[in-house]
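# Commentary on secondary and tertiary structure
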Amino acid sequence: MTLISIENLSVRYGANTVLRHVGLTVKPGEIVTIVGPNGSGKTTLFRAIIGATEPAAGQIRLKPGIRIGYVPQRLHIDPTLPITVERFMRLAERVRRRDCVAALDAAGIPDLMKRQMSKLSSGQFQRVLLARALINRPEILLLDEATQGLDQPGSAAFYRQIETVRADTGCAVLMISHELHVVMSASDRVVCLNGHVCCEGTPAVVASAPEYRALFGTGTGGALALYRHDHDHDHNHDQLHGQESVE
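I will try to describe carefully the structure that is included in this document. (Residues numbered from 1 in each chain as written. Predicted model: local features only at pLDDT ≥ 70, side-chain atom pairs only at ≥ 80, totals over all residues. Heavy atoms only, no water.)

So, on to the pattern of salt bridges. What the rule picks out here adds up to 11 salt bridges. The salt bridge involving R90 is made with E86; its shortest N-O contact spans 3.1 Å. A residue is classified by how much of its surface remains accessible, and R90, at 31% relative accessible area, is partly exposed. A salt bridge links D99 to R137; the shortest N-O distance between them is 3.6 Å. With D99 in helix α3 (residues 97-106) and R137 in the loop between α4 (122-134) and β6 (140-144), this residue pair connects regions lying 38 residues apart in the sequence. Since its relative accessible area comes to 54%, R137 is described here as exposed. Here the residues in one salt-bridge network are E86, R90, R97 and K114, joined through shared partners. (Salt bridge = Lys/Arg side-chain N within 4 Å of Asp/Glu carboxyl O. Buried < 20%, exposed > 50% of the residue type's maximum accessible area, 1.4 Å probe, protein only. Helix = DSSP H or I, 4+ residues; strand = E, 2+ residues; numbered from the N terminus.)

This is how it looks when you write it as structure tokens:
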């Protein structure tokens, strides 16, 4: 069963059309990454999926009763507020302590339960947000540039944890990322967005697509080489699915 099915989606803010005729599907267990330049509509697409933005046209179908975990790009907590990780995890809903323990363990931070939120590093903070998204055992995780502000080792460690979560729980992952090297090594499929879907397919296929190179240049060869090194697959039969821009 498809978890998310989007057909012919358009979103407008006033007279400005941010997304036009976008199609996207996410199936159980797969990692799909959305890439695109600033202003390409990536976060708007996420907001439409979770119901925070009203589409101007098209349809978004979610699996009935789907459990979604959401990790935002950033979250500000007043550094003077005395709140522990456990208290933060149990703020919005009735959460059992054992579920907090399990979620923190799944996020790779089992020892932070009693730590003050204000004392966490950037990487630890994002892991706590991930843990909170895992509490309800989601069928899909939405990550909106969840490694924004982390250094490269921190980002790599975070995405390795995401792969572990997927392996352990079977949940799907739909993420926005600006880190192309991560996209190449961690995704099953990549969707290149620039107001519309420019191209989509496996990382190897998208990296060689003219639409992708027009946006990001040809300097991603190293990332592609890393992908091929880490994934000993034959992509010769992959098909590229493109969608023309509609002005």
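So much for the structure itself; the text now carries on.
Within helix α1 (residues 42-49), 6 of the 8 residues are buried, which leaves it mostly tucked inside the rest of the structure. Those residues of α1 not exposed but buried are K42, T44, L45, F46, A48 and I49. Two residues or fewer after α1 comes G51, characterised by a positive phi angle close to 85°.

At N8, a position not held by glycine, the phi torsion is positive, near 55°. Relative to the assigned elements, N8 resides in strand β1 (residues 4-13). Backbone geometry at H21 places phi at a positive 55°, although glycine is not the residue there. By secondary structure assignment, the location of H21 is in strand β2 (residues 16-26). Given the relative accessible area of 29%, H21 is considered partly exposed.

Here the focus is the pairing of strand β3 (residues 31-35). Among the 5 residues of β3, 5 are classified as buried, and the element is accordingly described as predominantly covered. Relative to strand β7 (residues 172-176), β3 is paired through 4 bridges, and the arrangement is parallel. Of the residues in β7, the one forming a bridge with I31 is V173. Two elements, β3 and strand β8 (residues 189-193), share 4 bridges in a ladder whose sense is parallel. Paired with V32 across the two strands is R189, which belongs to β8. (Pairing = 2+ DSSP bridges.)

Let's shift gears to the sheet that holds β2. Strand order in this open sheet of 3 strands is β2-β1-β4, and the pairing throughout is antiparallel. Each edge of the open sheet is held by one strand with a lone partner, namely β2 and β4 (57-62). When strand polarity is set aside, the average angle formed by the axes of neighbouring strands in this sheet is 25°. Bridging between β1 and β2 involves 7 bridges; their strand directions are antiparallel. Its bridge partner lying in β2, V11 is registered against L19. Of the strands in this sheet, β1, β2 and β4 touch α1, which is tilted by about 115° from β1. (Axes fitted to C-alpha atoms, helices over the stretch in contact; angles between N-to-C directions. Contact = heavy atoms within 4.5 Å.)

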